[in-house]
Amino acid sequence: MTWEEWTDARRLYGNISIVHLRHRSAAWPDLPLLFSGVGYMRDANLTLSVCLRCRDGRETRDADLEKRGGQRLSQGVAAAFSESEAAQLGVQLRGVNCMSQCKRPCTIALSGRARFTYLFGDLDPEIGAADVLAVAAAYAKSATGLLPRNVRPDVLQAGILGRIPPLDFNGELIEPIIPRPSHHTQKDDVQ
């Protein structure tokens, strides 16, 4: 599907995810033919970040950077990445030299332009790669990046450290905070 086709579909049906677009194509015969059999859009802005310096307590000494949990997790993810659904959906993989979550290692983040940003920790570097790639694929499939709890693998339901809505998000998660008026008087100006 080209960008123009995707834009036309969103104009026609509103802010719709590709999953819902597929559902509508089966249920609604008025959907233009160019949208039938639509796949997921690849988005080069989708990023899976893995902290490289996390210590999981299995290191023999502090200076063993190559043996740290973050390195082991990143190596496991990297080894399976090219064949993963996340890679096929356009997720980019990168290492970060510290994500400042030392009390909740091993840490990953999912981010993308105009999407929710997620931060997860407490991952086991020995067995976590498959779950990390599964949640990255789910993230890529979501139009807004929103990952409800039941969509995430079990270990990533408990290990969530943060969920930050995109700046232009206006859903029910967002509530304006109105500052209280100050009781400023002219007398305060004199001082």
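Please read these numbers as outputs of a predicted model, since none were measured by experiment. (Residues numbered from 1 in each chain as written. Predicted model: local features only at pLDDT ≥ 70, side-chain atom pairs only at ≥ 80, totals over all residues. Heavy atoms only, no water.)

## Structural notes on the pattern of salt bridges
Next, step 1: All told, the structure shown has four salt bridges when counted by the stated rule.
Next, step 2: With a closest N to O distance of 2.5 Å, Arg72 and Asp56 form a salt bridge. With Arg72 in helix H3 (residues 69–81) and Asp56 in the loop between strand E1 (47–51) and H3, the pair connects residues that are 16 residues apart, well separated along the chain.
Next, step 3: Asp56 sits in the partly exposed class, given a relative accessible area of 23%.
Next, step 4: Several salt bridges converge on common partners, so that one network encompasses Asp56, Arg72 and Glu126. (Salt bridge = Lys/Arg side-chain N within 4 Å of Asp/Glu carboxyl O. Helix = DSSP H or I, 4+ residues; strand = E, 2+ residues; numbered from the N terminus. Buried < 20%, exposed > 50% of the residue type's maximum accessible area, 1.4 Å probe, protein only.)

## With respect to the packing of H3 against helix H5 (residues 129–141)
Next, step 1: Viewed as axis vectors pointing N to C, H3 and H5 meet at an angle of 60°, and their least axial separation amounts to 9 Å. Between H3 and H5, the angle falls in the class oblique. Of the two elements, H3 crosses H5, and the hand of that crossing is right-handed. Facing H3, whose interface residues are Leu73, Gly76, Val77, Ala80 and Phe81, H5 presents Ala129, Val132 and Leu133.
Next, step 2: Here the contact of H3 with H5 is composed, by residue class, of seven nonpolar, one polar and no charged. (Axes fitted to C-alpha atoms, helices over the stretch in contact; angles between N-to-C directions. Parallel < 35°, antiparallel > 145°, perpendicular 65-115°, else oblique. Left-handed = near helix turned anticlockwise from the far one by under 90°. Contact = heavy atoms within 4.5 Å. Nonpolar A, V, L, I, M, F, W, Y, C, P; charged D, E, K, R; others polar.)

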